[in-house]
Amino acid sequence: MNDTGWYYEIGDLVEFIHGHLGASVTRTGIVVERSYRMTKDNVYKIQSQDKYYWIARPRITLLSKVTKAASK
């Protein structure tokens, strides 16, 4: 967790499992939005191909952190 309280930043490349028991699929995507939850783990909106998924933090694995763009 960073000093802002979020585990993942917008732009991070992540992997998650989507689906149920026998029909689950591992997907890769980019964090595009975050939602703070008082009673549960924070959730992240992840774009994978042309779909969006809201996934809870424990179900996400970080693949690559976003790097800050060079200033012009």
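So, about the sheet that holds strand β3 (residues 43–48). Strand order in the open sheet made by the 5 strands is β4-β3-β2-β1-β5, with antiparallel pairing throughout. The sheet is open, and its two edges are formed by β4 (51–56) and β5 (60–64), each paired on a single side. Across the sheet, the axes of successive neighbouring strands diverge by a mean angle of 45°, strand direction being ignored. Looking at chain direction, strand β1 (residues 13–18) and β5 are connected through 4 bridges and run antiparallel. Residue pairing across strands places Leu13 opposite Ser64, the latter belonging to β5.

Here we take up the pairing of β1. When β1 meets strand β2 (residues 25–35), the two strands line up antiparallel, connected through 6 bridges. Note on β2: the bridge partner recorded for Ile17 is Thr26. Taking the residues that link successive antiparallel strands as the turn, the β1-β2 hairpin has 6 residues, and the phi of Gly19 there is positive, at about 120°.

Thresholds applied
- Positions within a chain are numbered from 1, following the residues in the order the chain's sequence is written.
- Residues qualify for local features only when their pLDDT is at least 70, as the model is predicted, and side-chain atom pairs are given and counted only at 80 or more; totals for whole chains, interfaces and linings, by contrast, use all residues.
- Side-chain numbers here rest on the full set of heavy atoms in the structure, without hydrogens or water.
- The pairing criterion for strands is at least two bridges between them, as found by DSSP.
- In this description a helix means any DSSP run of H or I spanning at least four residues, a strand means any run of E spanning at least two, and both kinds are numbered starting from the N terminus.
- Every axis in this analysis is a line fitted to C-alpha atoms, fitted for helices over the stretch in contact. Angles between the N-to-C directions lie between 0 and 180 degrees.

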